[in-house]
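Structural features, examined
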Amino acid sequence: MHDKTISQLATALRDGEFSSVELTRHFLDRIGQHQDLNAFVSVDEENALAAAAAADEKLASGNADPMTGIPVAQKDIFCTEGLRTTCGSKMLENFIPPYNATVIEKFIAAGAVTLGKTNMDEFAMGSSNETSYFGPVKNPWDHKAVPGGSSGGSAAAVAARLAPIATGTDTGGSIRQPAALCGITGIKPSYGRVSRYGMIAFASSLDQGGSMAQTAEDAAIMLNVMAGFDERDSTSLAIDKPDFSASLNDDIAGLKIGLPKEFFEDGLNADVARVVENAIDEYKKLDAELVDISLPNSKLAVPCYYVLAPAEASSNLSRYDGVRYGYRAPEYDDLEDMYKKTRAQGFGAEVKRRIMIGTYALSSGYYDAYYMKAQKLRRLIADDFDRAFEQCDVIMGPTAPSTAFNAGEKTDDPVQMYLNDIYTIPVNLAGLPAMSVPAGFGNDGRPVGLHIIGQYLNESRLLNVAHQFQRVTDWHSKTPEGY
Amino acid sequence: MKLNKSEVESIAHLARVEISAEQARAYAADLSSILDLVAQMNAVDTDAIEPMAHPHEAPLRLRDDAVTETNQREKLMANAPAAENGLFLVPRVIE
């Protein structure tokens, strides 16, 4: 039953093929059998089974929702009341949130069953899951490979079918890059679509929660649950949300696909390029038109991001001071020493690097040269997309420049690690929605993702375009051997 | 852009992160390579460009000035590293 999509699971639950308790038990057993992947930080067996039993009653009464009784893995960045929420950090190793994130509340209200919390790069800062305090996650396709990051635990869990769906968050590619590296489907919605309330902050002008699933159809069902206006998030958009499933089956003949030349230049592995070109050929067969476009400033997105994201992070993470919650150093001389030792011991190396870069960029005398300069570049990068979308409906390219790299390969060189996100970062800077869809495999047998970027607030079109690809290909239903 | 050890130590102080002399040297190399990456921004003239702080251009929404949260003092204090009588305990700051 673990190979079914949630749309198939919903039908099976209604038909009485199995109960939500049986389904939940099955996934909990699989999580237990595959602990070596290290995809989960916490598993909540007791509450999961209780929620499943409640879902079974609702199913029996005949008024179940599409998500009723469906198990879900939650990224450990979403606060869960009474269930430890670590954000992958020693700083929050024992943090028990007193409230639920809006996203969590919405899943509970929809009748979903929380299996547990997935591993992630510390405070979502990383592209390989190697910065987690709780140890790296393995890629189910090849245990030597990283699963990507920061939502690596969620991606590995869905790829290994330890959970049918999982949540993720994406600040610079943290849903799409691990989705690509693990061969699953992920969507980062437009900025403001999904509430950030109770989602632990990294870079507030970029962070956005989204769905990770086997298919675009499932990602749409999830987004129907997750999206919507929330008074408690001042950046939540007060607009109606569409039914993201409604237009999945629309014909895409005549769709204009923009291909930015910058996404197919140096730095892209040849076998990834081959897979992406084959995927685009499939769209040609579906009568889509290809349009050559240019995003000239996208090349500067990585430098721009590595000012803005650390600057926002240095401010957001100042709250971890050992006073109100989280880790406190056991020994110190005075208040300042307590702050310094707490933060030195509670944060890992990459988080400290980014806090320091951000502190420097915001410090007196450097603000204009770094932070202001980066904000101006951000405008140019966003304007490039506006111009491109005058010529096309969606933009396509590779999600990541290579297939999953080996664990340890890039840990000594932060800049090499950052370059993994060259295609995903421009999208966050502009606040646009984008997806990664399984498109094939590299010569090393590791998955490749097709990156599809949509127009602002047009997730429906994006999901439609991805779903039509999945109707004529079966890359999304491939599973790693042994799972 | 090359940061030296003492510059890194002053950044670490601003960020309230304790670092050893050895770590300061390692961070100086790491942070310098990140700043070299960041320096690529200078290739583009941005003089007349309006900075973009956020994907939404609209001002932040305001809410009514009304009490919406209930008192959850005990629940919130439960995560405190050190607390006494419903107060957070910190090292003495006033002699």
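You'll find the structure just up there.
Here we summarise the structure given alongside this text.

1. Focus: the nonpolar core
By size, the foremost hydrophobic cluster in this structure holds 177 residues, and its most contacted members are Met67 and Phe123 of chain A. Ranked by the residues each element gives to this core, the list is headed by helix H9 (residues 301–316) of chain A, at 10 residues.

2. Remarks on the interface of chain A and chain B
Counting residues at the interface gives 69 residues for chain A, matched by 47 residues for chain B. When chain A packs against chain B, the two sides together hide about 5,300 Å² of surface, and 67% of this comes from carbon and sulfur. The interface formed by chain A and chain B contains four salt bridges. Note that Glu336 of chain A is salt-bridged to Arg16 of chain B, the shortest N-O span being 3.9 Å. Run the count over chain A and chain B and you get 21 residue pairs in polar contact (both at pLDDT 80 or more). Where the side of chain A that touches chain B is concerned, the elements lending two or more residues are H9, helix H10 (335–346), helix H11 (349–362), helix H12 (368–388), helix H13 (414–418) and helix H14 (425–430) of chain A. A per-element tally of the side of chain A that touches chain B places H12 of chain A first, with 12 residues. Classifying every residue of the side of chain A that touches chain B by side-chain character gives 38 nonpolar, 13 polar and 18 charged.

3. Brief notes about the packing of helix H8 (residues 270–285) of chain A against helix H15 (residues 459–472) of chain A
Residues and elements named next belong to chain A. Relative to each other, H8 and H15 sit at 95°, their axes nearing to 10 Å. Between H8 and H15, the angle falls in the class roughly perpendicular. Where H8 abuts H15, its residues Ala279, Glu282 and Tyr283 lie against Val465, Ala466, Phe469 and Val472. Taken together, the residues that form the contact of H8 with H15 break down as six nonpolar, no polar and one charged.

4. So, the pattern of salt bridges
The full count for this structure, using the stated rule, is 30 salt bridges over all chains. The salt bridge partner of Arg196 of chain A is Asp233 of chain A, with a shortest N-O separation of 3.6 Å. Here Arg196 of chain A, found in the loop between strand E5 (185–188) and strand E6 (209–213), pairs with Asp233 of chain A, found in the loop between helix H7 (216–226) and strand E7 (256–260); they are 37 residues apart in sequence, far enough to count as distant. A single burial state applies to Arg196 of chain A and to Asp233 of chain A, both of which are buried. Three or more residues joined by partner-sharing salt bridges are found here, namely Glu350, Arg353 and Arg354 of chain A together with Asp30 of chain B.

5. With respect to H7 of chain A
All names here are of chain A. In terms of residue burial, H7 counts as a mostly covered element, since nine of its 11 residues are buried. Within the sequence span of H7, burial applies to Ala216, Asp218, Ala219, Ala220, Ile221, Met222, Leu223, Val225 and Met226. Note on H7: the residue one or two positions beyond its end, Gly228, has a positive phi of about 130°.

6. Thoughts on the packing of aromatic side chains
The geometry of two aromatic rings is summed up by the distance between their centres and the angle between their planes. All names here are of chain A. Tallying each qualifying case throughout the model produces 17 aromatic pairs over all chains. Arranged with centres 3.7 Å apart and planes meeting at 5°, the rings of Tyr306 and Tyr418 form a pair that is stacked. You can see Tyr306 sitting in helix H9 and its partner Tyr418 sitting in helix H13, a full 112 residues away along the chain. By relative accessible area, Tyr306 is classed as buried at 2%. Take Tyr418: its relative accessible area is 1%, and that puts it in the buried class. Taking 5.3 Å as the distance between ring centres and 50° as the angle between the ring planes, the aromatic pair formed by Tyr367 and Tyr371 counts as tilted. Ring pairs connect the aromatic residues Phe95, Phe123, Tyr320, Tyr325 and Phe347, which therefore count as one cluster. In this structure, Lys410 is placed above the aromatic ring of Phe405, and the distance from its NZ or CZ to the ring centre is 4.5 Å.

7. What to know about the state of the cysteines
All names here are of chain A. A complete count under the given rule lists zero disulfides over all chains for this structure. A disulfide-free cysteine, Cys79 has its sulfur positioned 8.3 Å from the sulfur of Cys87, the nearest such atom. Cys79 sits in the buried class, given a relative accessible area of 3%.

8. Describing the environment of Lys106 of chain A
Residues and elements named next belong to chain A. Note on placement: Lys106 falls in helix H4 (residues 102–109). Taking relative accessible area as the criterion, Lys106 reaches 22% and is therefore assigned partly exposed. Spatially, the C-alpha atoms of Lys106 and Asn224 are 9.9 Å apart, while their sequence positions differ by 118 residues. Contacts of Lys106, omitting those with residues within four sequence positions, involve Val225, Met226, Ala227 and Gly228.

9. Concerning the environment of Met356 of chain A
Summarising the element assignment, Met356 of chain A is placed in helix H11. Considered as a pair, Met356 of chain A and Ala313 of chain A are 43 residues apart in the sequence and their alpha carbons are 9.7 Å apart.

10. Quick notes on the pairing of strand E2 (residues 71–75) of chain A
Residues and elements named next belong to chain A. Counted residue by residue, E2 has five buried out of five residues, so it is predominantly covered. Burial of the side chains of E2 extends over both faces: Pro71, Ala73 and Lys75 are buried on one face and Val72 and Gln74 on the other. Pairing between E2 and strand E3 (residues 113–118): five bridges, direction parallel. Directly across from Pro71, in E3, lies its bridge partner Val113. Traced from E2 through H4 to E3, the parallel crossover comes out right-handed.

Calculation criteria
Residues numbered from 1 in each chain as written. Chains lettered and ligands numbered in written order. Predicted model: local features only at pLDDT ≥ 70, side-chain atom pairs only at ≥ 80, totals over all residues. Heavy atoms only, no water. Core = buried A, V, L, I, M, F, W, Y, C linked by side-chain atoms within 4.5 Å. Buried < 20%, exposed > 50% of the residue type's maximum accessible area, 1.4 Å probe, protein only. Helix = DSSP H or I, 4+ residues; strand = E, 2+ residues; numbered from the N terminus. Contact = heavy atoms within 4.5 Å. Buried area = accessible area lost by both parts, 1.4 Å probe. Salt bridge = Lys/Arg side-chain N within 4 Å of Asp/Glu carboxyl O. Polar contact = N/O pair within 3.5 Å; in protein donor to acceptor, adjacent residues only side chain to side chain. Nonpolar A, V, L, I, M, F, W, Y, C, P; charged D, E, K, R; others polar. Axes fitted to C-alpha atoms, helices over the stretch in contact; angles between N-to-C directions. Parallel < 35°, antiparallel > 145°, perpendicular 65-115°, else oblique. Phe/Tyr/Trp six-rings, centres within 6.5 Å; stacked < 30°, edge-to-face > 60°. Lys NZ or Arg CZ within 6 Å of the ring centre and 35° of its normal. Disulfide = S-S within 2.5 Å. Pairing = 2+ DSSP bridges. Right-handed = clockwise from strand over helix to strand, strands pointing away.

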